[in-house]
Each structure stands twice: as C-alpha cells, then as structure tokens.
Number of protein chains: 2
Amino acid sequence: MQRILSTEIPGKEKQTVTIAGWIHRRRLLKSVAFLIVRDAAGFSQVVITDPAVREQVEALTEETVVEVTAQVTANPAAPAGVELTGPQIRALSSAVGVHKPFELHRPELGATMATQLDHAALALRHPSRATALRVSAAAAAGFREALERQRFVEIHTPKIVGTATESGANVFTLDYFGSPAYLAQSPQFYKQLMVGVFERVYEVGPVFRAEPHDTARHLAQYTSLDAELGFIADHRDVMAVLTTVIAGMVATVESRTAVPVPAVPSEIPAVHFEEALRIAGAPADEPDLAPAHERALGEWAVREHGSEFVFVTGYPMAKRPFYTHPQPSDPRWSNSFDLLFRGLELVTGGQRLHRYEDYLAVAPAPEKLAGYLDGFRYGMPPHGGFAIGLERFVARLTGAANVREVTAFPRDLHRVTP
Amino acid sequence: MQRILSTEIPGKEKQTVTIAGWIHRRRLLKSVAFLIVRDAAGFSQVVITDPAVREQVEALTEETVVEVTAQVTANPAAPAGVELTGPQIRALSSAVGVHKPFELHRPELGATMATQLDHAALALRHPSRATALRVSAAAAAGFREALERQRFVEIHTPKIVGTATESGANVFTLDYFGSPAYLAQSPQFYKQLMVGVFERVYEVGPVFRAEPHDTARHLAQYTSLDAELGFIADHRDVMAVLTTVIAGMVATVESRTAVPVPAVPSEIPAVHFEEALRIAGAPADEPDLAPAHERALGEWAVREHGSEFVFVTGYPMAKRPFYTHPQPSDPRWSNSFDLLFRGLELVTGGQRLHRYEDYLAVAPAPEKLAGYLDGFRYGMPPHGGFAIGLERFVARLTGAANVREVTAFPRDLHRVTP
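None of these values were measured; they are calculated from a predicted model.

We now examine the pairing of strand 16 (residues 383-389) of chain A. Successive residues of a regular strand alternate their side chains across the two faces of the sheet. Residues and elements named next belong to chain A. In terms of burial, strand 16 is a largely internal element, six of the seven residues being buried. The sheet contact formed by strand 11 (residues 221-230) and strand 16 spans seven bridges and is antiparallel. Residue pairing in the sheet places Asp226 in a bridge with Ala387 of strand 16.

The following block contains the structure:
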C-alpha cells in the first residue's frame, strides 16, 4: 500500500492508510497503548487496543522505524483531529533496546551540549534541531534565488590553496602530495577573479578557520554565502544587492518554516563609522566597534528607523583587508560595510580595489599572489561583494544561543567527530 | 547613464546607449577602428572613426575594461544586425600593456593545458571555458530543483573528519589543532545519518581525493552532487529518483545554455552485472567492468533501446563499499548500480545496509565509527542514494576531453595554484 505522510492523514477519515516513521513516543497505559510516529512532515497518533499488537509494541523501543497500516478515525482530542486505530505494525529497522542519552519527545534536549554533539545522529532528530536545519536550507535557497534573479552565476572554487588566503593566521595546514597547502579561509580571491568571467558570481560552500577560540559563535568550518559583482559605482551598489538578498532569504524562511522572521526595510538605514562611534557614545579615535557599541547601534536603528537591521559604512582602512577600496574623499576610511542585525554583525562586505597598480602597492606578498593579481593585470572592473555566515544568520534568526545548535555536525577546537 | 547589456542593444536603433565590458578584440584598420566588447551576456561591435577616440583606443589593449556610450546603428553585416557608432569611451580598469600567454578572440585557446591553468584568471574568460562553467551552474541548479520538488532537504556536512571516510587510501591528512584529521572523500556517512532526520537529503559540495593518478578525469577536489533517501523498497526506487534528477539537470542545461543535450528516457534501460558481462563479451568471472566493456554497453543501449544512458545493477559485493546492501536473492551480488552515459560511468549509487547488527558485522573498525553507527543503533529505515561528479557530468555533456577544461581552478597531483 502506498505510504502517505502524517500531514496527509486529515481528510481521510474512515479510510485505511499506511504511514511510516520513527516511534517518537510510546505510552503503555493499562487498557490502551499509544504510539506517536514521527515522519519528515510531522506526527501521527496510533491507538493500540489489540493485545497481540500491544505485545508487539512492547518490544519496540522509541526511535524504532515502523510502517503502520490503520484506519483513520476522527478524534477532536488528537493532534490535527485524527488518529490511527486498529493498526498493523511492521518494524523496518533494528529495534535494539538501547539506553538513550536523552529523550526526543521532551520540548528541550535535556543534556549538555557535549552530549548532544556526541550523539548528533540522535539529537538532530529533535524537532527544534531539525527546524533550525530547515531554516538553514531555506536561507541558502533564498540566497541563491535572489542572486539568480539578478544575473549572478554560481561558482565552485578551490578549498585547498597554495597560499593562506588573507593572512597566515588561523589557517589549517595539510599535506598535499608531500608539500604543505592550506584550507581556504574564504573564496575571496576566486570570486573576485570570476567577476572577470561572469561579472556577477556567488558561491555557497564551506570555509575553514583554525579558530583558537572556544566560544558560542566560532566554528572551525562554516558555510559561507559569498557574492561578488562588477561594474559598481561604489559599495552602495553592493549594499543594495545585499538588501535584496537578505529580504529573499528571510522571505524563503518565512514561506518554508514557522519561524518568526524580522521585517527587512527596502532601504536599510546606514551610518558612517564616525557617526556610529558618536551614536554608540564611543571615543572618536576608537579603531573598531566593540560588541557594546554594536548593541547600542542596534537599539538606535530600532528607535530612529524602526529597523532591526543597520549598515555601518566606512570602517577604518587599518582594520580592513588589503584588497579593500579606500573612501575616495578620505583614505583613512574605506568603502566597506558591516550589516548589523539585532545589534550583532551579520555580514561584512565592501568595494574592492580593482586596478593592478593598486594591488602591487598594497598586496602583502605579490610574488605569492601571482595567480590572483593576474586577474587585475588583464583588466577588472570596479567591483565589490559580501559574505554571510550561514550558521550565524540562522542562529540570530532562531534565537539559538550557540551556533552549534544550528549546525549539523559542528567542528571546533575540541571536536572533529562524529 | 544606465548601462545596458550587449543583448539589449538590438531594437534600440538610433538611440544613445551605454554598455560596459572587456575589449575582446581590437582591430585598427587604416580609416576605421573596431572594438569587440565582451560582457557577461555577449558581444558588441563598436566602430571608431573619430581620430581623437582612435588615438585613445590605440593605448587600450585587449582585456581593458571600458564603458562605451554611443549611438545604436543598424548594420546587417554586424553581429545581431547592429553596431555602436560615434562612441565616447572610458577605461574602467588599468590598461597595462601586458603580453598575454594566449588570445581570447581565437576560437580555441592556443596554449598548452598547463599554460591555460597557470593563467586561469584569463583563460576562464574564453567563451568556451565560460560556457562550460555556465553548464556546470545550470546542472547544479537542475539537480537541486529536481530534488526540492521531491521533498529533499539541503544539508551541509563536515569536510574535516576524524576518520578517513571510506578507506584509508587517497585521503589528505591535515593538522587539526595539533592532531591529525582528514579531508572528507564523500559526505556518505553524514547523508545517511541525515536520512534519520529529514528522510530525503541532498548536498552540493566539495570532496577531496589524494589521487596519485595524473589523468584527464581525476581531480584532487571536485564537486559532488549527493542525494540519499529513506523508505525505499530497494535500489530501484533510488534509480527512479536519479532518472528524474538527470532529466532535470539536462533540462536546465538546455534552457540556460546553447549546449546540445541528450534525450533522457523516462525509464532508462537497466541490465544486471551478469548480463552486462555477456553483452560486453567479457568472461563470466570478471569482477568489474573495464572501460571497453562500458563502451560496449553504451553501444548496446543505443542499438537496443535508443538510449545514451544505461544502468548496470547488481555489481559484485566484493567490489562495493561495506555499507552496500546485498542482493537478497543472491548475496554475491549487490543492490547497487552505476549509470553509464555514452559508455562512461557517470553516477554510482545503491541501497545501503540499514540495520545496526548488519553494520557491526561488516564495518571495518566499528570503534572508530561510533558516531556513524549511532544512527543505525537508534533506528534507520531502508535507504539508498547516489553521487554525481559535477565536473565529469559537464565534461561528458560538453565533450571536453579533460575534466580540467570544465573546472574553474582545478587541483591535481601537480597543481595547487592559482
């Protein structure tokens, strides 16, 4: 019999249907037993009164995979107003009576983060964790859709590089056929070069940081949503594209999940770094924004503009990577920006240098970057771009306290398994 | 003035427009000069008769980025029937008079593969190379669309792993905060575990093989299109999904590019390995199909079924990885398959084991695979999946002799730059 999903049961009252899924919860009462069966779409309630079936169910522990053929019966007290009665049950997986480190039917995973991560194959089945990963998938889909609509072409770039991408710090070293090589910290150089081919490009892929920090927001591998576009006037053209991208990501999350999403203004308020320091009450010679300053800016944007998003532009050149384009009117500042969401940095981007001679003047080791500088030597238009950390975006959106809660199998200072 | 694309010029005769792009070709004749300007959409022909503009153009070498404001003039002899006359030209990039290792306006890149790869930033601008990468982007988009339509959820899995994924061979080792770790050879284990969460999952991401072979089809990093689905009867359900996926990929390539595509039958012919040996005229005790056998099968499929695609099923268990599900009727054979396209292997897939006790019996080092085996311990449905190598797919479709021709910045035994 053709299997249907839990969400397809309502409306089929009095019919016989077959569902399949995991025993999410088993309740053995005196005269009746209940199974809550979880599938990818939701939950079904199965009612068992037949002693022979009850005996069978007593041997099947939670998380056993079952196929259930039963009658759909209206019951206003059941979830979605229906339950399955008179079931025939077939176990599809092993029904190993294992002790579980936590129970999936509780609203919260009652275990330490380390225990959850040690048993990721189980923990990710918890509805809250699965929902976060659905938000992640929706956000990536929204990112791609927004860019495809604007002529961006998807690229795939090397994750193994001969030169540490932006600096020698926090880079993983590997043995590449007997010689040292490195894991790419970002696709920055490659996406810039590909502007020379397609004008507008994007990539969704892993980046690697040998972060020595053990915090709630650092991962050794995360998914970077990168975009780069040519023929811009300056960084404001990049910010305009980014605004449409954030709006697209949020819209896709809203359409695919039940997670509440923020409003994205059609024009996100923007303040220059100098002004941002004043708003945050920081000294005028402060070289960067501290977390407290970012929070103050977030509050200011809500108060003054009714926006949970705010751009800070013009960050000091000294704090930005070498390929950053200076602000033409005052080269202490840059044509770069950060996008803050609820008082936290969500995206970094800006205009890049595009003239070969400018790169020769600032590149830290031009002889090591020949393949990169080639692109500028042969002609590159004014361009810029941005990078969104997918896991941080999802953590901010879902309110997760730790980025590990929204990552399938996180990698950090202490963890390389499972 | 708002820039338009080269493809937007026809129909704007007698109007003044602004285009921008790269000087693809410059021809300085006696009384007139021509620029062919390349943008992401195509080419425009600019005609220069004004001596002052000609003098300016003489200093701008090919690949200089220019913005051209000019009149649209009908000319039946020009590409698309229009050209740009009376131009004002502004250089947007450096116009460094560099010697180029090859010329982009020739139909073929007249240089060795090594020279092309050394200067990838330039070579990728050649229309043939850019087209191959557009085919690659279209194929990945078609893969995702076909699966999203069938309830598959996108996942992102670790590329750094604590245990060599499938075997110890051909794996890159890295220094992970002072301990050894490895680059993932495939997302196999993770996509299987995620079947326990979403039932149906897919991933588009890099995989790494320390291939000691220097051939036209091996890369040290390639893009793997992976899918895995639960609640299958056997491998034939996986083959049915794969058939829709290949059809979707081909359809998207057809809709986005001018590359000729093959017909994908709604049911691709399938032959069992035993039968495949007979068709190929190979001895019955042959343990695997040699390239000549695959070619013979490809010819047979065209001859007998009018199909450029053919499935071979039931490969000997001895030749398949430990997680492969045996053929229930005869455990010498497996519920696995390869998909051949034009006589070459394009996809590998099959049904996997799903019972914990079966894994304990066959896993090469169960104690090292605890995080993987966890998923089966807690209950996993019958499932299977497949992996498509994106670069090989694109090479077969475009007829590229070397997979490096369809890869932006390939990595191989000898190359880790640019």
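Residues and elements named next belong to chain A. The sites that carry the UniProt feature "binding site: L-aspartate" (unreviewed entry) are, in the present numbering, Glu166, Arg209, Thr348 and Arg352. If you trace the backbone, Thr348 turns up in strand 15 (residues 344-352). Each residue touching Thr348, except ones within four places of it in the same chain, is listed here: Arg320, Phe337, Asp338, Gly385, Phe386 and Ala387. Among the polar contacts listed, one links the side chain of Thr348 to the side chain of Asp338, at a separation of 3.0 Å. Turning to its location among the elements, Arg352 is positioned in strand 15. Apart from residues lying up to four places away in sequence, Arg352 is in contact with Gln188, Lys191, Gln192, Glu228, Tyr323, His325, Tyr359, His383, Gly384, Gly385 and Phe386. Of the polar contacts made by the side chain of Arg352, one reaches the side chain of Glu228; its length is 2.8 Å.

Our next topic: the packing of aromatic side chains. All names here are of chain A. According to the stated counting rule, one finds 38 aromatic pairs over all chains in the structure shown. Between the aromatic rings of Tyr372 and Phe376, the centroid separation amounts to 5.2 Å while the plane-to-plane angle is 90°, which identifies the pairing as edge-to-face. Placement of the pair is Tyr372 and Phe376 together in helix 10 (residues 370-377), with a separation of four residues, close to one helical turn. Here the two residues Tyr372 and Phe376 agree in accessibility, since each one is buried. What links up through ring pairs into an aromatic cluster is the set Phe189, Phe322, Tyr323, Tyr359, Tyr372 and Phe376.

Before going further, it helps to examine the pattern of salt bridges. Residues and elements named next belong to chain A. The full count for this structure, using the stated rule, is 44 salt bridges over all chains. One salt bridge connects Arg236 with Asp234, and the closest N-O pair in it is separated by 2.6 Å. The class of Arg236 is exposed, set by a relative accessible area of 55%. A residue is classified by how much of its surface remains accessible, and Asp234, at 13% relative accessible area, is buried. The residue Arg342 makes a salt bridge to Glu308 at a minimum N-O spacing of 2.9 Å. In this pair, Arg342 sits in the loop between strand 14 (336-341) and strand 15 while Glu308 sits in the loop between helix 8 (291-305) and strand 13 (309-313), placing the two residues 34 residues apart along the sequence.

Residues and elements named next belong to chain A. The mixed closed barrel is built from five strands, whose spatial order is 1-2-3-5-4. Geometrically, the sheet is characterised by an average inter-axis angle of 55° between neighbouring strands, direction not taken into account. Pairing analysis gives two bridges linking strand 3 (residues 43-48) to strand 5 (residues 82-91), with the strands arranged parallel. Following the sheet pairing, Val46 is matched in strand 5 by Leu84.

Our focus in this paragraph is the interface of chain A and chain B. Tallying the contact residues gives 94 residues for chain A and 94 residues for chain B. Interface area, chain A with chain B, both sides summed: about 7,600 Å², of which 63% is carbon and sulfur. Three residues, His156, Phe177 and Tyr378 of chain A, lead the burial of chain A against chain B; their summed loss comes to 10% of the area buried on that side. Linking chain A to chain B there are six salt bridges. For the salt bridge of Arg144 of chain A with Glu154 of chain B, the shortest nitrogen-to-oxygen distance reads 2.9 Å. Linking chain A to chain B there are 43 residue pairs in polar contact (both at pLDDT 80 or more). The biggest single contributor to the side of chain A that touches chain B is helix 4 (residues 127-148) of chain A, with eight residues. A class-by-class count of the residues in the side of chain A that touches chain B yields 51 nonpolar, 19 polar and 24 charged.

Next up on the list: the environment of Arg415 of chain B. Along the chain, Arg415 of chain B turns up in the segment after helix 11 (390-398). With relative accessibility at 13%, the residue Arg415 of chain B sits in the buried group. In this structure, the C-alpha to C-alpha distance between Arg415 of chain B and Ala220 of chain B, residues 195 residues apart in sequence, is 9.2 Å. Setting aside chain neighbours within four positions, we find Arg415 of chain B in contact with Tyr176 of chain A together with Ala114, Leu117, Asp118 and Pro410 of chain B.

Phe143, Leu242, Val245, Ile246, Phe386, Ile388 and Phe393 of chain B are the most contacted members of the largest nonpolar core, which has 44 residues in total. Examining the composition of this core, we find that nine residues originate from one element, helix 6 (residues 235-256) of chain B, more than from any other. What Ile388 of chain B contacts, discounting residues up to four positions off in sequence, is Phe143, Thr223, Ser224, Leu225, Leu242, Val245, Ile246, Met249, Leu346, Val347 and Phe393 of chain B. Grouped together as the second largest cluster of nonpolar side chains are 43 residues, Leu225, Val253, Ala400 and Val406 of chain A included.

About the criteria used
- Residues numbered from 1 in each chain as written.
- Chains lettered and ligands numbered in written order.
- Predicted model: local features only at pLDDT ≥ 70, side-chain atom pairs only at ≥ 80, totals over all residues.
- Heavy atoms only, no water.
- Buried < 20%, exposed > 50% of the residue type's maximum accessible area, 1.4 Å probe, protein only.
- Helix = DSSP H or I, 4+ residues; strand = E, 2+ residues; numbered from the N terminus.
- Pairing = 2+ DSSP bridges.
- UniProt positions renumbered as here; feature names shortened; annotations may be inferred.
- Contact = heavy atoms within 4.5 Å.
- Polar contact = N/O pair within 3.5 Å; in protein donor to acceptor, adjacent residues only side chain to side chain.
- Phe/Tyr/Trp six-rings, centres within 6.5 Å; stacked < 30°, edge-to-face > 60°.
- Salt bridge = Lys/Arg side-chain N within 4 Å of Asp/Glu carboxyl O.
- Axes fitted to C-alpha atoms, helices over the stretch in contact; angles between N-to-C directions.
- Buried area = accessible area lost by both parts, 1.4 Å probe.
- Nonpolar A, V, L, I, M, F, W, Y, C, P; charged D, E, K, R; others polar.
- Core = buried A, V, L, I, M, F, W, Y, C linked by side-chain atoms within 4.5 Å.

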